[in-house]
Amino acid sequence: DAGVIQSPRHEVTEMGQEVTLRCKPISGHDYLFWYRQTMMRGLELLIYFNNNVPIDDSGMPEDRFSAKMPNASFSTLKIQPSEPRDSAVYFCAIDPGQGASGANVLTFGAGSRLTVL
Amino acid sequence: QKEVEQDPGPLSVPEGAIVSLNCTYSNSAFQYFMWYRQYSRKGPELLMYTYSSGNKEDGRFTAQVDKSSKYISLFIRDSQPSDSATYLCAMSRPNDYKLSFGAGTTVTVRA
C-alpha cells in the first residue's frame, strides 16, 4: 500500500451529503485508476487517468460521481449527493505504464470505506 | 454472463495443503493474466502475472493459463496461515489498461 495514500480510511455520512475521497500517489506512475468494491459486484473500474487526463469514465455510475486529477500527485473522487447504494470500499490504484512485460501491474491504496446512512 | 467467472468460495484447507484456485473467461482477446491477493481491510496486491498460455512459478505459487479452454489457475503449495486472504484473478487485452477482475475466492488456511 505504500505507493498510494488514500484518505479518509473510513467515512460515515448521511444520504444527500457530499463525499470527497482523496488519493496521493507516492511512487511514479503514468496511469491512475479509481475502483469500487462491493460484495455484490466485486471490483469495478470507475475511471482512469493517463498523465492526469481522464481517459475512460464509462464506469462512473451516475452524474453524481466526478473525479479530478489536478496534478500527478493528487486525485479526488467526489459523490454529490451521496446515496446508501454508494456504500462500498473505494480504491485508488496506479500503474507505472506498460513496460517490456506489457502487463498491468497495479499498486492499490488501502481503500476508503464509505458508509452512507 | 460476466466476462470473468470465479467461484467466491469460501475455501478452507489445513496448513500444508495445496490450494487450487481458478477462473474462466469468455473474451478470447485477453492476453495478460494476473492474480492479486487481498488481505482483509487492505487493497489488492499483485501476486503473479503471465502472458498468453503457459505456466509460471514463483516460490510456492504456480500460475497456469490455458487459452484454448479460457481457463486460468493458481496453485499454492505448502499453504500457510499467512496465505489466508482473498485471491482475485484479473485479465486484460494488449495495450488496454482496463482490467477485468473475477469476484475473488476467499481462502482460509487452518493452523
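This report concerns the structure included in the present document. (Residues numbered from 1 in each chain as written. Chains lettered and ligands numbered in written order. Predicted model: local features only at pLDDT ≥ 70, side-chain atom pairs only at ≥ 80, totals over all residues. Heavy atoms only, no water.)

**Quick notes on the sheet that holds strand E8 (residues 71-76) of chain B**
All names here are of chain B. So the rule is basically this: Strands pair, by our definition, only if DSSP identifies at least two bridges between them. Per the convention used, a helix needs a DSSP run of H or I reaching at least four residues, while a strand needs a run of E reaching at least two, with both numbered from the N terminus. Angles here are taken between N-to-C directions and fall from 0 to 180 degrees, while the axes themselves are lines fitted to C-alpha atoms, restricted in helices to the stretch in contact.
An order of E1-E3-E8-E7-E6 is seen for the 5 strands of this open sheet, with the pairing classed as antiparallel. The open sheet has two edge strands with one neighbour each: strand E1 (4-6) and strand E6 (54-58). For this sheet the average axis-to-axis angle between neighbouring strands, irrespective of direction, equals 15°. As paired strands, strand E3 (residues 19-25) and E8 are joined by 6 bridges and run antiparallel to one another. In the strand pairing of E8, Leu21 is matched with Leu74.

**Side note on the sheet that holds strand E7 (residues 65-71) of chain A**
Residue and element names in this part refer to chain A. Spatial ordering of the open sheet is given by E1-E3-E8-E7, a layout of 4 strands whose pairing is antiparallel. Only two strands of the sheet have a single partner each, and these edge strands are strand E1 (4-7) and E7. Put simply, the sheet's adjacent strands are angled 15° from each other on average, direction ignored. Here strand E3 (residues 19-25) pairs with strand E8 (residues 74-79) via 5 bridges, running antiparallel.

**Focus on the environment of Ala111 of chain B**
Residues and elements named next belong to chain B. The test is simple: A contact between two residues is defined here by any heavy atoms of the two lying within 4.5 Å.
On the secondary structure map, Ala111 appears in the segment after strand E11 (105-110). Distance from Ala111 to Thr86, taken between C-alpha atoms, is 17 Å for residues 25 residues apart in sequence. Sequence-distant contacts of Ala111, defined by excluding residues within four places in its chain, comprise Glu15 and Pro81.

**Here's the deal with the state of the cysteines**
All names here are of chain A. Spelled out, the test is: Any cysteine sulfur atom paired with another within 2.5 Å is treated as part of a disulfide.
With the rule as written, the count across this model stands at 2 disulfides over all chains. The disulfide that involves Cys23 links it to Cys92, with 1.9 Å between the sulfurs. In this structure the cystine formed by Cys23 and Cys92 twists about its S-S bond by roughly -65°; its chirality is therefore left-handed. Pair noted here: Cys23 is in strand E3 and Cys92 is in strand E9 (residues 88-95), with a separation of 69 residues, a long-range link.

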